[in-house]
Amino acid sequence: MTDEPEIAARFARDGYGAGNAWIDLVNSEQFDANGRRTDHLDDPRWLGQLLRHYGLVAERTGAQDLASLRRFLRSVAEALTLGDDLTSEQIAAINRHMASPARQVLSTTGDGYRLDWSTIRTGGPALRASFAASLAAFLATQDTGRLKICANPLCRWVFYDRSKNNTRRWCSDKACGNRDKVRRLRRRRAGAADGCV
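The notes below deal with the structure included here.

The rules behind these values
- Sequence order sets the numbering: in each chain, residues are counted from 1 along the sequence as written.
- Thresholds applied to this predicted model are a pLDDT of at least 70 for local features of residues and 80 or more for the giving and counting of side-chain atom pairs; totals over whole chains, interfaces and linings are not thresholded and use all residues.
- Side-chain metrics rest on all non-hydrogen atoms present in the structure, leaving aside hydrogens and water.
- The way it works is that DSSP assigns letters per residue, a run of H or I at least four long becomes a helix, a run of E at least two long becomes a strand, and they are numbered from the N terminus.
- Each residue gets one of three labels from its accessible area relative to the maximum for its type: buried under 20%, exposed over 50%, partly exposed in between, using a 1.4 Å probe on protein chains only.
- All axes are obtained by fitting lines to C-alpha atoms, using only the stretch in contact for helices, and the reported angles, taken between N-to-C directions, cover 0 to 180 degrees.
- Note that the term roughly parallel is reserved for angles under 35 degrees, roughly antiparallel for angles over 145, roughly perpendicular for angles of 65 to 115, and oblique for everything else.
- What makes two residues a contact is simply this: any of their non-hydrogen atoms within 4.5 Å.
- Patch building starts from residues that exceed 30% relative accessible area and form no salt bridge, then joins like charges within 9 Å and nonpolar side chains (Val, Leu, Ile, Met, Phe, Trp, Tyr) within 5 Å.
- In short, Shrake-Rupley with a 1.4 Å probe defines the accessible areas, and a residue's cover is counted only from the protein chains shown.
- We define a salt bridge as a side-chain nitrogen of Lys or Arg found within 4 Å of a carboxyl oxygen belonging to Asp or Glu.
- Residue types Ala, Val, Leu, Ile, Met, Phe, Trp, Tyr and Cys, when buried and joined through side-chain atoms within 4.5 Å, form a set referred to as a nonpolar core.
- Here a pair means two rings of Phe, Tyr or Trp (six-membered ring of Trp) with centres within 6.5 Å. Their orientation is stacked below 30 degrees between planes, edge-to-face above 60, and tilted elsewhere.
- To sit over a ring, a charge needs its Lys NZ or Arg CZ within 6 Å of the ring centre and within 35 degrees of the ring normal.
- The convention is simple: Lys and Arg are positive, Asp and Glu are negative, and His and the chain ends are not counted.
- Pairing of N or O atoms within 3.5 Å defines a polar contact, subject to two protein rules: one partner must be a possible hydrogen donor and the other a possible acceptor, and residues neighboring in sequence count only if both atoms are side-chain atoms.

Here we come to unusual backbone geometry. A positive phi is found at Arg-156, a non-glycine position, where the angle reads about 70°. Mapped onto the elements, Arg-156 comes out in the loop between strand E5 (147–149) and strand E6 (158–160). Positive phi is not limited to glycine here, since Asn-166 has a value of about 55°. For Asn-166, the location among the structural elements is in the loop between E6 and helix H7 (173–195).

Shown next, in the form of structure tokens:
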């Protein structure tokens, strides 16, 4: 059985908690570089870590309810990464999800301040509102041209490209990026071998 500190360490190691709750929810369906799927919503401890990280509380968390929202959020991410504008239907859906009462709360940390979403009600509607509000804040304040999906078609990790020139293609150079370099090297070597015959 995995303990809470290990869940928290894995949460941080896997790239979650980068400040966009909606992206973290999308990435809760995680594919490794070989396309093997892990659904973190099936792990109540992992989900608890996600909610704690963003200051969200839920008496009853419906993983299926969040999985449905996750599918919608992924469709938004895919549209944005293609450079598409959101449709009026997508915007209306975001607004419907945000309709549940939630508010932002300022708190102090050891070295500054932190702004978290606090739900007035708990449960599925309040969580949907918080994740949808995270998306809305992202759309209103971030450069959507920096939102990317890993170039490895088996991975599908959504990330915000913070590189200086906005040229990052991989979720991780050590995983998917390295795998692509190895593939290209093998192709070059195979091509060179074919040309020498």
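The residue Leu-82 is located in the loop between helix H4 (63–81) and helix H5 (88–97) in this model. Of the residues examined, Leu-82 reaches a relative accessible area of 67% and is grouped as exposed. Separated by 65 residues in sequence, Leu-82 and Leu-147 place their C-alpha atoms 9.6 Å apart.

Turning our eyes to something else, we now look at the packing of H4 against helix H6 (residues 124–141). Look at H4 against H6: their axes get within 10 Å of each other, and the N-to-C directions meet at 10°. By the angle between their axes, H4 is roughly parallel relative to H6. Judged by residue contacts, Asp-65, Leu-66, Leu-69, Leu-73, Val-76 and Leu-80 of H4 engage Gly-124, Leu-127, Arg-128, Phe-131, Leu-135, Phe-138 and Leu-139 from H6.

Right, let's talk about the environment of Val-76 for a bit. Positionally, Val-76 belongs in helix H4. Separated by 15 residues in sequence, Val-76 and Ile-91 place their C-alpha atoms 9.6 Å apart. When residues no more than four places from it in sequence are discounted, the contact partners of Val-76 are Leu-86, Gln-90 and Leu-135.

This next bit is on a nonpolar patch on the surface. A surface patch of nonpolar side chains, about 390 Å² in accessible area, is lined by Leu-106, Tyr-113 and Leu-115. Looking at the element boundaries, Leu-115 is found in strand E4 (residues 112–119).

Let us look at the nonpolar core. Trp-22, Leu-73, Phe-131 and Leu-147 are the most contacted members of the largest nonpolar core, which has 40 residues in total. Of all the secondary-structure elements, those providing two or more residues to this core are helix H2 (21–26), helix H3 (44–53), H4, H5, H6 and E6. Excluding its chain neighbours within four sequence positions, the residues that come into contact with Phe-131 are Ala-21, Trp-22, Leu-25, Leu-50, Leu-51, Leu-56, Leu-66 and Leu-69.

Summed over all chains, the structure comprises two aromatic pairs. Geometrically, the ring pair formed by Phe-138 and Tyr-160 is edge-to-face, given 5.8 Å between the ring centres and 90° between the ring planes. With a gap of 22 residues between them, Phe-138 in helix H6 and Tyr-160 in strand E6 connect regions that are remote in the sequence. Three or more aromatic residues joined by ring pairs form one cluster here, namely Trp-22, Phe-138 and Tyr-160. In this arrangement the basic side chain of Arg-168 is found over the ring face of Phe-159, its NZ or CZ atom lying 4.0 Å from the centre.

Turning next to the side chain of Arg-74. Along the polypeptide, Arg-74 turns up in helix H4. Although buried, Arg-74 forms no salt bridge, and the nearest oppositely charged side chain, Glu-78, lies 4.2 Å from it. A polar contact is formed between the side chain of Arg-74 and the backbone oxygen of Arg-156, at a distance of 2.9 Å. Not counting chain neighbours up to four residues away, the residues in contact with Arg-74 comprise Val-26, Asn-27, Glu-29, Ile-149, Arg-156 and Val-158.

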